[in-house]
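# Examining the three-dimensional arrangement
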Amino acid sequence: FPQRQIMNPLLHRSLRRHSSRTAPLLAIGVAALSACGVLLATSRGSTNFEALSRGMGSISSSQRSALATTIPNAGFVQRRQSPSSRSRCNKMEAAKRAVTSVFAQAPQHDLLLRAARGEKTERTPVWLFRQAGRHLPEYNQYKKDNNKNFLQLLDDPKDVAEVTMQPLRRYDVDAAILFSDILVVPEALDINVDMPGGKGILVTNPIQGPEDVAKIDVSSPRKLVEDRLAHVLAALPEIKNSLKKENRDIPLIGFSAAPFTLMFYMVGGNTRFNQTMGEQWFQQYPEACDELLGKLSDVIVEYMSLQVEKGADLLQLFEAMGSYISEPNFKKFEMKHLTNIASRLKEKHPDIPLMVFARGAQYANSDLQRAGYDVVTLDTEADRKVEVARLEAEKGQAPIGRRVTLQGNFDPKLLQEGTPETVQAAVKEMLDEFGPQSLIANLGEGLSGKEDPVLVKAFVDAIHATSEEMNAKAATAATAAA
C-alpha cells in the first residue's frame, strides 16, 4: 500500500471489522509495517495512529493516546528510508513491546464492554447496582475490624479497592464498579453531607437561593475535581491493580450522579421529608436552577473524564432521584444537560461506553437514546416488552447507529426471600422478554442490604447459564433454517 490515502482507510475499516482480541495483533502488524518504512504519516507529517486506533473499541482514550506516543518513540520513520536490517528489527521489537504494554491495560474479559457496544455476545453479562457494600457480611465485618463507617472508608483508596473487590470474590459478575457515593461532587463544592442512621441522607448547609448558586465557583472544573476528589481518583488505579493481582481482569465502571439528583440534595431535598424541594426550586427560581444544573454538568464531565484517565473502562450516570422531578420539568430543565454530558464525554472519550439510569423517569428513555448514550437502564416499573419495542422502533434517531443496549431490571426484592429455583424462574422470564443479546443484566434498583447472598449468587449464575442456553438454541435453529 504505497499511498497513505489508500492505506489508512483500509486499515481503519479492518480494525473495525475485528474483535477486541484480534485488534492488538493488527496494531502490532501496523507497527511492523511502519518500522519497515511504509508511509503512515498524514499530510502534516504526524503518525496517524490516532485515526487507526479509533477503530479499536476495546481500548480507552488514554490507551489510544499512548499508542500515538509509543509508536513514534519506538523509533518509527514517517517516510521511506533505508536503515540497516538490524535497525529495522530493533524498531519492530520496540514497537511490539510498546503496543503490548498499552494493550496490557485493557481488561481481558470484555464481555460487558462488547454488550455495551451492541456486539453479539456468547452470554449475557451481569453486574449489580450496589454490588459492593451492606448486603455482604464481609463488608460489615471489614467496617467493624477497621472501626470505620461508610464515609470514612471512602477517604482511603486502599479501603475503596478492598470493598470494590469483595463482591467479585463471591459472585461471577462481569464488571467491578468503583465503591463511592453519588454525593462526593456536592462535598467537593463545600456542601456538607451526613448519613445518620434511619434518617436518610442529610445536607446540613443546603443552598438557600439564587445568590448561593452564583457563589458556586466551577470556573476550573478539572482542577476542582483533581484537588477536591483526588482520593476518589486515586482509588481507580488501586482497583485496577487488585483486579490484575487476583486474576479478575474485568472492566471497571466509573460513575457519577446526574445533575438533578445532585441538585435535589443540594437544595435540601430528602427522600423521607422535603421530597418536593426540587420542584419548588423549579417553580420559584427557574433561572438559578438552570445555572446550577449547568455548573454541576461541568463538574460531572470532568469528574467522569478523569475516572477514565485513571482506569475506568466505561461510565454510568445515575439519575437516582428521577421520581422527584415532574416530566415537564425533566424535559425542560434536565434533559438538555444529560444530552450535553453525553456529547462532551463522547468527544473526550469516543470509545468509552456511556450508561445512564433515569430511575423513576422512564419516559425519558427515548430521549436518552437520542442523546447518544450506549446503554439505557430500565427500572423495576418499566414494561420490558414495551420498552424494547419502542426503542427498537426509534433506533434510527440514535447517534450511535443502533438501538441502545438495555440494562436492568430484575426486582431485588426477589433476592430477599425465596429459593434459587424461584430466582432462576424469574431470570428465565426476564431473558425471554428482553432476549439475551444487546442486554446487560442488572437490577431495577440498587441492593438495599436486605438481600440474601445465596440468592444474589443464584441470580448471577442463572443469567449466565440461561442466556448461554438461549444462544445455543438460537444458533441451532439458525443452522437448521439455513
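Residues numbered from 1 in each chain as written. Predicted model: local features only at pLDDT ≥ 70, side-chain atom pairs only at ≥ 80, totals over all residues. Heavy atoms only, no water.

### Focus: the overall build of the protein chain
Quick reminder of the rule: Only DSSP runs of H or I with at least four residues qualify as helices, and only runs of E with at least two residues qualify as strands; both kinds are numbered from the N terminus onward. For every residue, the accessible area (1.4 Å probe, protein chains only) is compared with the maximum for its type, and the residue is labelled buried under 20%, exposed over 50%, or partly exposed between those bounds. Should any heavy atoms of two residues lie within 4.5 Å, those residues are considered in contact. Each accessible area is a Shrake-Rupley result for a 1.4 Å probe, and residues are judged covered by the shown protein chains and nothing else.
Across its full length, the protein chain carries 21 helices and nine strands. Looking at the protein chain residue by residue over its 482 residues, the buried ones come to 53%. A fraction of 77% describes how many contacts in the protein chain between residues 6 or more apart in sequence connect residues 24 or more apart. When the accessible surface of the protein chain is summed, it comes to about 20,500 Å², and 50% of that surface belongs to carbon and sulfur atoms.

### What about the pattern of salt bridges?
Let me state the cut-off plainly: What makes a salt bridge here is a side-chain nitrogen of Lys or Arg within 4 Å of a carboxyl oxygen of Asp or Glu, nothing more.
Applying the stated criterion across every chain yields a total of 33 salt bridges. Where Glu-291 meets Lys-295, a salt bridge forms, and the shortest distance between an N and an O atom there is 3.4 Å. Here Glu-291 pairs with Lys-295, and both are found in helix H16 (residues 286-309), just four residues apart, close to one helical turn. With relative accessibility at 33%, the residue Glu-291 sits in the partly exposed group. Overlapping salt bridges bring together Arg-222, Glu-226, Glu-302, Glu-309 and Lys-348 as one network.

### Observations regarding the sheet that holds strand E9 (residues 439-443)
To be explicit about the condition: When DSSP finds at least two bridges between two strands, those strands are taken to pair. Axis angles are defined between N-to-C directions and span 0 to 180 degrees, where every axis is a line fitted to C-alpha atoms and, for a helix, only to the segment in contact.
Spatial strand order, E1-E4-E5-E6-E7-E8-E9: seven strands in an open sheet with parallel pairing. Two strands close off the open sheet at either side, each with one partner strand: strand E1 (176-177) and E9. Of the pairings in the sheet, the one linking strand E7 (residues 375-377) to strand E8 (residues 405-410) comprises three bridges and is parallel in character. For Val-375, the partnering residue across the bridge sits in E8 and is Thr-405. Along the sheet, helix H20 (residues 420-434) contacts E8 and E9; its crossing angle with E8, the most-contacted strand, is approximately 150°.

### So, helix H14 (residues 259-266)
For H14, the buried fraction is high: eight of the eight residues fall into the buried class. Listed as buried for H14 are Pro-259, Phe-260, Thr-261, Leu-262, Met-263, Phe-264, Tyr-265 and Met-266.

### Some remarks on helix H19 (residues 384-393)
Convention followed: The arc refers to the directions leading from the helix axis to the C-beta atoms. The term polar contact refers here to a pair of N or O atoms within 3.5 Å; inside protein, the definition further demands a hydrogen-donor-capable atom paired with an acceptor-capable atom, and it admits residues adjacent in sequence only when both atoms are side-chain atoms.
Along H19, the residues that are buried comprise Arg-384, Glu-387, Val-388 and Leu-391. Burial along H19 is one-sided: seen end-on, the buried residues are contained in an arc of 100°. With respect to the buried face of H19, the exposed residues turned more than 90 degrees away are Lys-385 and Ala-393. For H19, the secondary structure elements touched by its buried residues are helix H18 (365-371), E8 and H20. At the N-terminal boundary of H19, the capping side chain belongs to Asp-383, with an oxygen 3.2 Å from the backbone nitrogen of Lys-385.

### Observations concerning the nonpolar core
Just so we agree on the cut-off: By convention a nonpolar core is built from buried Ala, Val, Leu, Ile, Met, Phe, Trp, Tyr and Cys residues, the set being connected through side-chain atoms within 4.5 Å.
Within the largest apolar cluster, 131 residues are counted, with the highest numbers of intra-cluster contacts made by Trp-127, Met-263, Tyr-373 and Phe-459. Sort the elements by how many residues they give to this core and H16 lands first, with twelve residues.

### Section: the side chain of Glu-451
The condition is simple: In this charge count, Lys and Arg are treated as positive and Asp and Glu as negative; neither His nor the chain ends contribute.
Its place among the elements puts Glu-451 in the loop between E9 and helix H21 (453-481). The buried charged residue Glu-451 lacks any salt bridge partner; its closest oppositely charged side chain belongs to Arg-134, at an N-O distance of 7.0 Å. Of the polar contacts made by the side chain of Glu-451, one reaches the backbone nitrogen of Gly-449; its length is 2.9 Å. Setting aside residues no more than four positions away along its own chain, Glu-451 makes contact with His-135, Pro-412, Leu-415, Gln-416 and Val-456.

### Quick notes on the pairing of E8
Selection rule: When the strands point away from the viewer, a crossover counts as right-handed if the route from the first strand across the helix to the second turns clockwise.
A large share of E8 lies buried, amounting to six of its six residues. By the bridge criterion, five bridges tie E8 to E9 in an arrangement that is parallel. Residue pairing in the sheet places Gln-407 in a bridge with Ile-440 of E9. Crossover handedness for the path E8 to H20 to E9: right-handed.

### Thoughts on the pairing of strand E4 (residues 252-257)
Of all six residues in E4, six are buried; the element is thus mostly enclosed. Where E4 meets strand E5 (residues 314-319), five bridges bridge the pair, whose relative direction is parallel. Following the sheet pairing, Ser-256 is matched in E5 by Leu-317.

### Remarks on the packing of aromatic side chains
Worth spelling out the cut-off: Two rings from Phe, Tyr or Trp (for Trp, the six-membered ring) form a pair when their centres sit within 6.5 Å of each other. Planes less than 30 degrees apart are called stacked, planes more than 60 degrees apart edge-to-face, and all others tilted.
Under the counting rule described, the total for this entry stands at 14 aromatic pairs. Between the aromatic rings of Phe-150 and Phe-179, the centroid separation amounts to 5.6 Å while the plane-to-plane angle is 90°, which identifies the pairing as edge-to-face. You can see Phe-150 sitting in helix H8 (residues 150-154) and its partner Phe-179 sitting in the loop between E1 and helix H10 (184-188), a full 29 residues away along the chain. When its relative accessible area of 21% is taken as the criterion, Phe-150 is described as partly exposed. Between the aromatic rings of Phe-282 and Phe-333, the centroid separation amounts to 4.5 Å while the plane-to-plane angle is 25°, which identifies the pairing as stacked. Residue Phe-282 is found in helix H15 (residues 277-284), and its partner Phe-333 is found in helix H17 (residues 327-348); the two are separated by 51 residues along the sequence.

### A short note on the environment of Asp-461
Considering the arrangement of structural elements, one finds Asp-461 in helix H21. In sequence terms Asp-461 and Asp-172 are 289 residues apart; their C-alpha atoms lie 7.2 Å from each other.

### Observations regarding the packing of H16 against H17
Each pair of packed helices can be summarised by the angle the axes make with each other and by the distance between the axes. The condition that has to hold: Any angle from 65 to 115 degrees is called roughly perpendicular, while one under 35 is roughly parallel, one over 145 is roughly antiparallel, and all others are oblique. Should the near helix be turned counterclockwise from the far one by less than a right angle, the crossing is left-handed, whereas a clockwise turn marks it as right-handed. Note on residue categories: nonpolar means Ala, Val, Leu, Ile, Met, Phe, Trp, Tyr, Cys or Pro, charged means Asp, Glu, Lys or Arg, and polar means any other residue, Gly included.
Running from N to C, H16 and H17 cross one another at 25°; their axes reach a closest spacing of 10 Å. One way to sum up the angle between H16 and H17 is to call them roughly parallel. As for the relative orientation of H16 and H17, their crossing is right-handed in sense. Residues Pro-286, Asp-290, Leu-293, Gly-294, Ser-297, Asp-298, Ile-300, Val-301, Glu-302, Met-304 and Ser-305 of H16 form the contact with H17, whose own contacting residues are Phe-333, Glu-334, Lys-336, His-337, Asn-340, Ile-341, Arg-344, Leu-345 and Lys-348. Split into classes, the residues belonging to the contact of H16 with H17 amount to eight nonpolar, five polar and seven charged.

### Things to note about the confidence of the model for the protein chain
To be explicit about the condition: For every residue, the predictor reports its confidence as pLDDT, a number between 0 and 100.
On average, residues of the protein chain score 85 in pLDDT, and 78% of them are at 70 or above. Across residues 28-62 the pLDDT falls below 50, and counting only partners more than four positions away or on other chains, this stretch makes 97 contacts in the model. Of the regions scoring below 50 in pLDDT, residues 96-104 engages in 19 contacts with residues more than four places distant in sequence or in other chains.

### Brief notes about the environment of Leu-111
With respect to the element layout, Leu-111 can be found in helix H6 (residues 111-116). Here Leu-111 falls in the buried class, since its relative accessible area comes to 6%. Distance from Leu-111 to Ile-250, taken between C-alpha atoms, is 8.4 Å for residues 139 residues apart in sequence. Look past the residues within four positions of Leu-111 in its chain and what remains in contact with it is Thr-121, Glu-122, Arg-123, Thr-124, Pro-125 and Asp-174.

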